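# Close look at the chain arrangement
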Amino acid sequence: MYDIELLLNNQPGSLALVGKLLGTHRISLEGGGMFCRGNTCIGHYLIKEAEVATKLLTEAGIMVLAVHKVIALKLRQDVPGQLGLFCGRLADASVNILVQYSDHDHQLIIVPDDYEKAKSIAADWMKEWWP
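Reading guide: rules and limits
- Residues numbered from 1 in each chain as written.
- Predicted model: local features only at pLDDT ≥ 70, side-chain atom pairs only at ≥ 80, totals over all residues.
- Heavy atoms only, no water.
- Disulfide = S-S within 2.5 Å.
- Buried < 20%, exposed > 50% of the residue type's maximum accessible area, 1.4 Å probe, protein only.
- Axes fitted to C-alpha atoms, helices over the stretch in contact; angles between N-to-C directions.
- Helix = DSSP H or I, 4+ residues; strand = E, 2+ residues; numbered from the N terminus.
- Parallel < 35°, antiparallel > 145°, perpendicular 65-115°, else oblique.
- Left-handed = near helix turned anticlockwise from the far one by under 90°.
- Contact = heavy atoms within 4.5 Å.
- Nonpolar A, V, L, I, M, F, W, Y, C, P; charged D, E, K, R; others polar.
- Phe/Tyr/Trp six-rings, centres within 6.5 Å; stacked < 30°, edge-to-face > 60°.
- Pairing = 2+ DSSP bridges.

## Here's the deal with the state of the cysteines
Considering all chains together, one arrives at one disulfide under this definition. Paired through a disulfide, Cys 36 and Cys 41 show a sulfur-sulfur distance of 2.0 Å. Looking along the S-S bond of the Cys 36-Cys 41 disulfide, the torsion reads about 100 degrees, which is the right-handed sense. Judged by its relative accessible area of 1%, Cys 41 falls in the buried class.

## Some thoughts on the packing of helix H1 (residues 14-24) against helix H2 (residues 50-59)
For the pair H1 and H2, the least separation of the axes is 10 Å and the interaxial angle reads 130 degrees. Between H1 and H2, the interaxial angle falls into the category oblique. Between H1 and H2 the crossing geometry is right-handed. Residues Val 18, Leu 21 and Leu 22 of H1 pack against Ala 53, Leu 56 and Leu 57 of H2. Taken together, the residues of the contact of H1 with H2 sort by class into six nonpolar, no polar and no charged.

## A short note on the packing of aromatic side chains
Counting across every chain of the model gives two aromatic pairs. Both rings, one in Phe 86 and one in Trp 125, keep their centres 5.4 Å apart while their planes meet at 70 degrees; by these two values the pair is edge-to-face. One end of the pair, Phe 86, is in helix H3 (residues 82-92); the other, Trp 125, is in helix H4 (residues 115-129), with 39 residues separating them in the sequence. Across the pair, exposure class does not vary: Phe 86 and Trp 125 are buried alike. Taking 5.4 Å as the distance between ring centres and 35 degrees as the angle between the ring planes, the aromatic pair formed by Trp 125 and Trp 129 counts as tilted. Highlighted residues: Trp 125 and Trp 129, both in helix H4, separated by four residues, approximately one helical turn. Given the relative accessible area of 0%, Trp 125 is considered buried. An aromatic cluster is built from Phe 86, Trp 125 and Trp 129, whose rings are joined through pairwise contacts.

## Describing the sheet that holds strand S3 (residues 40-47)
What the four strands build is an open sheet, ordered S2-S3-S1-S4; its pairing is antiparallel. Single-partner strands in this sheet number two, and they are strand S2 (32-37) and strand S4 (63-69). Across the sheet, the mean angle from the axis of one strand to that of its neighbour is 15 degrees, orientation sign disregarded. Relative to S4, strand S1 (residues 2-9) is paired through six bridges, and the arrangement is antiparallel.

Okay, here's the thing in C-alpha cells:
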C-alpha cells in the first residue's frame, strides 16, 4: 500500500474528480483525508495501484506531490494511550511522522521520514501487542 499526496484546488468538485477518475479505473481509496487552507488542499490517500493512479491523476491535471510507502498497523482499542505509546517509540528512535490517518479497516496509517526504521519498530510492536 502507498500514500499518494495530492495538491488540489479548494473548490467544489475537486475531490469528486479524484474519486470519480480513480473509481472509473477501479482504483479504490482505502483511507485518507483532505485538508484545506486558503485556496489549496492537500490530500493523502491510501491506494494499492500508485503508478497507475499517478499517471491517471497527472493526465487529468491533478498534481501528485509524492507517493510514500506506509506503515499500517492495528492499535488495541481496549487499551487507552496506544497511539501515544506507538508514536513515542518512533520518536525515541528519531523517526518523524509526516502523515497519520486511519484506513477503512481501522488500521493506523503512518508515513514516516525513515521507512525502514519505522517498519522495524512496527514489527516489534505487533509482536508485543498482537502475539
